[in-house]
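Given next are the chains, with one letter for each unit.
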Amino acid sequence: MHAAVVVFPGSNCDLDAYYVLKDLLGIETTLLWYRERDLSEYDLILLPGGFAYGDYLRAGAIARFAPVVQALPEYIEKQRGLVLGICNGFQVLTEAGLLPGALAPNINRRFICKSVKLRVENAYTPFTQLCREGELLELPIAHGEGRYIASEETIERLKRNRQILFRYYEENPNGSLESIAGIMDETGTVFGMMPHPERNCERLLGLGEGLKIFQALAQALTPGPSPVITHGRGVAQAG
Amino acid sequence: MTKLALAQRHGLSAREFQTICELLGREPNELELGLFSLNWSEHCSYKSSKRFLKLLPTTGKRVLQGPGENAGVLELENNWCVVFKVESHNHPSAVEPFNGAATGVGGIIRDILSMGARPIALLDSLRFGDLSPFPFPKGKGSSPPSLGEGLGERSQRLLEGVVAGIAHYGNCIGIPTVGGDICFEEAYTDNCLVNTMCVGLLKKSELKRAVAQGVGNRILLVGARTGRDGIHGATFASEDLLGETEEKRPNVQVGDPFTGKLLIEATLEACQLSELIGLQDLGAGGLSTAPPEMAARGEVGMAIDIEEIPLRAEKMTPYEILLSESQERMVLCVKDGSEQKFLKIYRKWGLEADVIGEVIRERVYRIRHEGRTIAEVPVRALVEGVPEPRAEAPGSEDLSPLKGAEGACLSTLLPAQPVTSVTGWREALKKLLHSPTIGSKRWVYEQYDHTVQTNTVIGPGAHDAALLRVKGERFALAVTMGGNGRYCFLDPYEGGIRAVCEAVHNLLSVGAEPIGITDCLNFANPTDPEVLWSLDQTVRGMAQAAQAFELPFVSGNVSLYNQSERRKIYPTPIVGMIGLLTDIVHRVPMGFQREGDLLYLIGKLSGKSGGSEYLKVFYNVIGGELEPTDLELERRLLRVMLLLGGANGRSPLLRSAHDISEGGLLVALAEKGFARGLGAKLELDDLSEEEGLFGEWPSRFIVTIPPENKSAFQEILNSLDVPYRFLGTVSGRQLELNGQEISVEELRNAYESALNL
């Protein structure tokens with residue numbers, strides 16, 4: 001399996017995602033400059049968190065025109081691999097129309113960085129297959145524009161097709177509709193979430209629950225048994 | 001206008017103008033006056049403070065770079081080095097809180113970057129005027145008297161603006177804000193303090209310097225374009241804040257964190273090229289100060305072609321271009337012939353990059369415009385020529401009436417009526433926990449991204465210091481930042497000692513060994529003898545404490561003129577300190593971990609309440625005598641805490657540790673309960689007076705140990721002759737004392753609602 005972590009000018013979680021894929025899971029991973037158009041090499045395209053282009057206009061509003069994002073529809077159509085957008089990556093995917101809905105400023109109008117509880121709503125996807133339905137994960141959020149909004153019709157469709165993968169549990173930190181924290185597209189190959197799984201992949205930083213999502217992706221994309229944790233501070237042995 | 005009058009309008013004194021004429025052998029032209037005014041400003045030259053700074057120890061076995069560069073550097077382990085520095089952005093933040101604070105963050109980040117290091121953490125120490133009180137949850141408890149005149153609202157507006165500015169820059173740029181401190185005191189109402197510390201990490205071989213060398217080597221200007229913002233910012237920061245601060249707004253720069261982020265990535269890429277000679281951030285003074293500083297370090301001269309500088313505004317004069325403080329710019333010195341490689345990197349990241357000059361043999365800073373020299377000044381005259389102001393610090397005997405309320409310990413104040421009725425320790429504790437200075441700062445730190453870069457093992461609000469892992473290594477870095485101005489107001493010498501000790505304690509609580517200091521000295525106008533005296537005393541106290549711990553000061557900043565017509569700030573030394581934890585597995589948590597654990601107080605077991613938050617909240621008194629710190633005891637306490645905390649590679653004997661600071665013993669005990677909601681049964685009948693429970697005397701920790709460690713614990717304390725006493729047992733969900741109890745939940749509610757904007 002070969003993963004690509006996209007680097008926009010202003011990405012700031014690119015190295016964090018790279019570290020999890022490459023150093024913790026031992027997956028071949030490339031930092032992919034935003035001007036690249038050829039995605040045929042990669043089984044996973046990860047759009048990381050950050051402030052692409054400074055996000056001065058609206059989060060993701062300019063990044064959607066980046067060559068790498070322009071190449072995504074074809075990548076998705078050909079079912080070449082999976083696409084995961086985390087935080088700013090999720091915002092870019094909605095701006096580009098690759099995921100439904102939009103991410104508006106948090107209801108309190110402020111940036112929020114804290115650990116939140118998520119409930120796994122659908123465990124039958126390549127992204128969540130190592131979770132149980134109803135399982136609670138604790139992951140950090142860090143965003144100013146994370147309030148998921150969509151038309152009533154879109155929300156109904158998301159529910160009907162079981163495209164909602166994570167909901168905020170107990171506390172809805174940003175005022176998202178239906179407490180939505182993560183969704184996928186209708187093809188089940190594009191996934192976006194506001195919380196940061198890459199920030200909780202080791203016991204040193206929490207319970208390490210975020211690693212399940214990356215392991216699930218690796219399992220879905222690698223023929224044969226799931227990959228072994230190669231780094232000394234993975235979930236299995238953390239200090 | 002005469003040249004002298006023009007010089008005075010530039011903030012230069014008649015004596016300074018005379019010196020300039022002597023150094024040049026002629027009168028300076030207007031552009032040269034501009035260069036001198038910035039280089040010789042207090043902010044850039046430290047002219048009033050440098051004789052005090054000489055008192056601070058700066059050497060040590062880990063020191064790779066002490067004061068004099070953009071930041072200090074200490075060697076860690078496995079060739080890793082830590083780069084760190086603190087800087088103030090007080091004046092701009094008082095005028096324009098959002099941009100003032102944001103650019104403060106940007107500036108200190110680039111100081112770290114100038115050493116070749118990736119910035120890994122930010123901390124902020126903030127001081128504001130008192131806030132209007134926030135109600136208790138469910139409306140319980142009576143409110144302190146109103147502040148009047150809308151001052152509380154002004155302080156709240158400044159707080160909101162500063163926090164939003166720090167969040168705006170720090171979050172976007174992807175550096176976690178992991179710690180710091182915030183206090184509220186009337187003295188900071190007009191002149192808030194915004195001190196920011198940045199920490200960077202690099203391998204020893206990657207270390208860079210802010211130097212220009214090699215005649216014919218090229219000078220590059222990279223990053224953003226040069227505009228008219230922030231002209232004379234450094235001069236502005238070297239005056240009192242008088243009159244309508246609105247007029248000063250054009251002196252405040254505007255930050256662009258996106259460009260700042262690109263500049264970090266491009267510069268770290270450029271640092272990989274061997275042709276890079278040196279680099280420096282354009283901070284205060286812009287192109288009028290950074291190039292001559294680089295030339296001075298390299299003992300060379302520099303020539304700049306003004307028309308090569310890319311501009312963002314039309315028709316800028318050479319004067320405006322040189323004095324602009326536009327943000328997100330850096331100067332590089334690179335080997336002649338390699339410039340295209342560098343330009344390519346910066347342009348790939350979408351940044352401006354241009355060759356603007358060269359290193360020359362004559363040690364002058366020469367400004368050329370279309371081939372013609374329009375200013376030329378000896379580099380040493382600019383960088384080192386400023387005469388020291390003549391004011392002498394008066395002796396303390398002349399100023400003893402200024403040392404706060406003499407002898408006002410609680411027992412002498414008690415006849416005074418408390419301004420708030422105290423109905424036993426439970427209500428008192430709740431009220432103290434609800435004071436904005438002591439209460440939770442969650443409202444602030446949840447607006448800062450503190451988990452990006454995935455190294456934050458202990459983040460803000462969780463302990464006395466933050467803890468950062470280094471990926472792939474066993475060791476970890478502990479970082480802390482703070483300082484109590486009230487103590488320095490009451491007794492600057494003792495306050496200086498305590499500022500250092502407090503930072504040491506914060507690191508020891510986590511289990512880390514303190515290894516080095518950066519500081520920011522925030523004071524009022526130094527031409528005031530009292531201010532100068534307090535500066536002298538504070539620095540002496542800091543030096544004394546640092547010597548006792550054998551800790552070097554490797555970088556720092558001085559911010560003077562922090563006053564208005566109405567108010568002077570308290571003398572406020574902010575100490576930033578780095579600690580090394582040999583094995584991250586051995587970190588010690590702050591909170592109670594398990595029921596049945598034994599609770600001990602170690603260090604100085606009794607003392608006075610002078611300067612305490614308790615006196616302020618309940619008696620409206622900023623006063624009292626500060627108990628002098630016993631530095632011999634502090635040295636033993638340091639060794640004890642290192643041994644208990646797992647130095648020497650053994651598992652810690654401690655289950656938790658917390659230093660006692662603002663609020664005293666009971667506040668520290670309550671804070672230990674918040675992490676897991678655990679309480680304690682306390683046995684301290686003899687300490688149950690107000691003074692014992694809420695006094696703020698120094699040199700104390702509260703620790704818990706599992707019962708089986710008791711004899712090993714006692715052996716270490718006895719062998720190093722450090723006093724200790726049993727306080728009680730961790731148990732239940734209540735804090736229990738003298739047959740009265742209060743739930744940890746109730747205390748937590750008071751604590752969490754202290755700052756609820």
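Values in this document were obtained by computation on a predicted structure and should not be read as measured data.

## Section: the overall build of chain B
Summing up its helical and strand segments, chain B has 27 helices and 26 strands in all. Buried positions account for 61% of the 757 residues belonging to chain B. For chain B, restricting intrachain contacts to residue pairs at least 6 apart in sequence, the fraction spanning at least 24 positions comes to 85%.

## Some thoughts on the overall build of chain A
Helix and strand counts for chain A stand at six helices and eleven strands. The C-alpha radius of gyration computed for chain A amounts to 16 Å, which stays within 12% of the reference 18 Å derived for 239 residues, consistent with globular compactness. Along the longest, intermediate and shortest principal axes, the C-alpha atoms of chain A span 40 × 40 × 35 Å. Among the 239 residues that make up chain A, the fraction classed as buried is 53%. Taking all contacts inside chain A whose residues are at least 6 apart in sequence as the whole, residues at least 24 apart take part in 75%.

## Details of the environment of Glu388(B)
Residues and elements named next belong to chain B. Position of Glu 388 among the secondary structure elements: in the loop between helix H14 (379–384) and helix H15 (396–399). Residues Glu 388 and Arg 51, 337 residues apart in the sequence, show an inter-C-alpha distance of 8.7 Å. When neighbours within four sequence positions are excluded, Glu 388 is seen to be in contact with Lys 47 and Arg 51.

## Here's the deal with the environment of Ala647(B)
Residue and element names in this part refer to chain B. With respect to the helices and strands, Ala 647 occurs in the loop between helix H23 (631–644) and strand S21 (656–659). Judged by C-beta crowding, with 18 C-beta atoms within 10 Å, Ala 647 ranks as partly exposed. The residues contacting Ala 647, other than those within four sequence positions of it, are Glu 513, Thr 582 and Leu 642.

## Quick look at the interface of chain A and chain B
On the chain B side, the residues contacting the 22 residues of chain A number 24 residues. Elements supplying a minimum of two residues to the side of chain A that touches chain B: helix H1 (14–24), strand S6 (112–120) and strand S7 (136–143) of chain A. Among the elements that take part in the side of chain A that touches chain B, S6(A) stands out by supplying three residues, more than any other. Taken together, the residues of the side of chain A that touches chain B break down into twelve nonpolar, five polar and five charged.

## So, the pairing of S21(B)
All names here are of chain B. Judged by which residues are buried, S21 turns out to be covered on both faces: Ser 656 and His 658 on one side and Ala 657 and Asp 659 on the other are all buried. Pairing of S21 with strand S23 (residues 700–705), which is carried by four bridges, proceeds in the antiparallel orientation. In the strand pairing of S23, Asp 659 is matched with Phe 701.

## Concerning the packing of helix H7 (residues 97–113) of chain B against helix H8 (residues 151–173) of chain B
All names here are of chain B. Interaxial distance between H7 and H8 falls to 7 Å at its minimum, and their mutual angle equals 40 degrees. Pair H7 / H8 crosses with right-handed handedness. Together, Pro 97, Phe 98, Asn 99, Gly 100, Ala 101, Ala 102, Val 105, Gly 106 and Ile 109 of H7 and Leu 158, Gly 161, Val 162, Ala 164, Gly 165, Ile 166, His 168, Tyr 169, Gly 170 and Ile 173 of H8 make up the contact between the two elements. The residue makeup of the contact of H7 with H8, split by class, is twelve nonpolar, seven polar and no charged.

## Details of the environment of Asn620(B)
Note that Asn620(B) resides in the loop between helix H22 (613–619) and H23. Sequence-wise, Asn620(B) and Gly106(B) are 514 residues apart; in three dimensions their C-alpha atoms are separated by 38 Å.

## A closer look at the domain arrangement of chain B
Residue and element names in this part refer to chain B. Taken as a whole, chain B is organised into domain 1 (3–40 + 210–384) and domain 2 (118–197 + 403–752). Averaged C-alpha coordinates put domain 1 and domain 2 at centres separated by 40 Å. At the junction of the two partners, domain 1 supplies twelve residues and domain 2 supplies 15 residues. A class-by-class count of the residues in the side of domain 1 that touches domain 2 yields six nonpolar, three polar and three charged.

## Some details on the sheet that holds strand S9 (residues 301–305) of chain B
Residues and elements named next belong to chain B. Here we have seven strands laid out as an open sheet, ordered S8-S10-S7-S11-S9-S12-S13, and mixed in their pairing. Where the open sheet ends on each side, the last strands, each with one partner, are strand S8 (276–281) and strand S13 (372–378). Geometrically, the sheet is characterised by an average inter-axis angle of 25 degrees between neighbouring strands, direction not taken into account. With six bridges joining them, strand S7 (residues 218–223) and strand S11 (residues 352–360) adopt antiparallel strand pairing. Bridge pairing in S11 links Arg 218 to Glu 358.

## What to know about helix H27 (residues 744–752) of chain B
All names here are of chain B. Along H27, the residues classified as buried are Val 744, Leu 747, Ala 750 and Tyr 751. The arc that holds every buried residue of H27, seen down its axis, measures 125 degrees, which confines them to one face. Against helix H17 (425–433), helix H24 (665–674), strand S25 (734–737) and strand S26 (740–743) lie the buried residues of H27.

## Digging into the confidence of the model for chain A
Residue and element names in this part refer to chain A. Averaged over all residues, the pLDDT of chain A is 90; the fraction at 70 or higher stands at 93%. Ranking the elements of chain A by mean pLDDT puts helix H2 (residues 67–70) last, at 93, and strand S9 (residues 164–168) first, at 98. Long-range and interchain partners of residues 226–239, a stretch whose pLDDT sits below 50, account for 34 contacts in this model, where long-range means more than four residues apart.

## As for the confidence of the model for chain B
As a general rule, the predicted coordinates of low-pLDDT regions are not to be interpreted in detail. Residues and elements named next belong to chain B. Of the residues in chain B, 90% reach a pLDDT of 70 or more, and the chain-wide mean stands at 89. For chain B, the element scoring lowest by mean pLDDT is helix H16 (residues 410–413), at 47; strand S15 (residues 466–469) scores highest, at 98. Note on residues 400–415: pLDDT under 50 across the span, and 28 contacts to partners over four residues away in sequence or across chains. Among the scores for the predicted complex, ipTM is 0.92 and pTM is 0.92.

## Points about the sheet that holds S25(B)
Residues and elements named next belong to chain B. As summarised here, the arrangement of the seven strands in space is S21-S23-S20-S24-S22-S25-S26, forming an open sheet in which the pairing is mixed. Edge positions in the sheet fall to S21 and S26, since each has one partner strand and no second. Looking at each pair of strands side by side, their axes are set apart by 20 degrees on average, direction ignored. Across three bridges, strand S22 (residues 680–682) lies against strand S24 (residues 724–730) in antiparallel orientation. Its bridge partner being in S24, Lys 681 is matched across the sheet by Thr 729. Against the sheet, H27 contacts S25 and S26, and its axis sits at roughly 60 degrees relative to S26.

## Re the nonpolar core
If you look at the biggest cluster of nonpolar residues, it comprises 319 residues, and the most contacted ones within it are Ile45(A), Leu332(B), Ala478(B) and Val479(B). No fewer than three residues from each of domain 1 (3–40 + 210–384) and domain 2 (118–197 + 403–752) of chain B sit in this core.

## Examining unusual backbone geometry
All names here are of chain A. For Gln 79, which is not a glycine, the phi torsion comes out positive at approximately 50 degrees. Note on placement: Gln 79 falls in the loop between helix H3 (72–77) and strand S4 (82–86). Residue Arg 162 is not a glycine yet carries a positive backbone phi of 55 degrees. In this structure, Arg 162 sits in the loop between helix H5 (152–160) and S9.

## Brief notes about the pairing of S26(B)
Residues and elements named next belong to chain B. By the bridge criterion, four bridges tie S25 to S26 in an arrangement that is antiparallel. Pairing of Gln 734 across the sheet is with Ser 743, part of S26. Here S25 folds back onto S26 in antiparallel fashion, the turn holding two residues, of which Asn 738 has a positive phi close to 50 degrees.

## Structural notes on the packing of H17(B) against H24(B)
All names here are of chain B. Where H17 contacts H24, the two axes come as close as 10 Å, and the packing angle between them is 75 degrees. In terms of their interaxial angle, H17 and H24 are classed as roughly perpendicular. Across from Trp 425, Leu 429, Leu 432 and Leu 433 in H17, the residues of H24 making contact are Leu 666, Val 667 and Ala 670. When grouped by side-chain class, the residues that make up the contact of H17 with H24 number seven nonpolar, no polar and no charged.

Calculation notes
Residues numbered from 1 in each chain as written. Chains lettered and ligands numbered in written order. Predicted model: local features only at pLDDT ≥ 70, side-chain atom pairs only at ≥ 80, totals over all residues. Helix = DSSP H or I, 4+ residues; strand = E, 2+ residues; numbered from the N terminus. Buried ≥ 20, exposed ≤ 12 C-beta atoms within 10 Å, placed from the backbone. Contact = placed C-beta atoms within 7 Å. Rg over C-alpha atoms; globule rule 2.2 N^0.38 Å. Nonpolar A, V, L, I, M, F, W, Y, C, P; charged D, E, K, R; others polar. Pairing = 2+ DSSP bridges. Axes fitted to C-alpha atoms, helices over the stretch in contact; angles between N-to-C directions. Left-handed = near helix turned anticlockwise from the far one by under 90°. Domains from an automatic or database assignment. Arc of directions from axis to C-beta. pLDDT = per-residue confidence, 0-100. Core = buried A, V, L, I, M, F, W, Y, C linked by C-beta atoms within 7 Å. Parallel < 35°, antiparallel > 145°, perpendicular 65-115°, else oblique.

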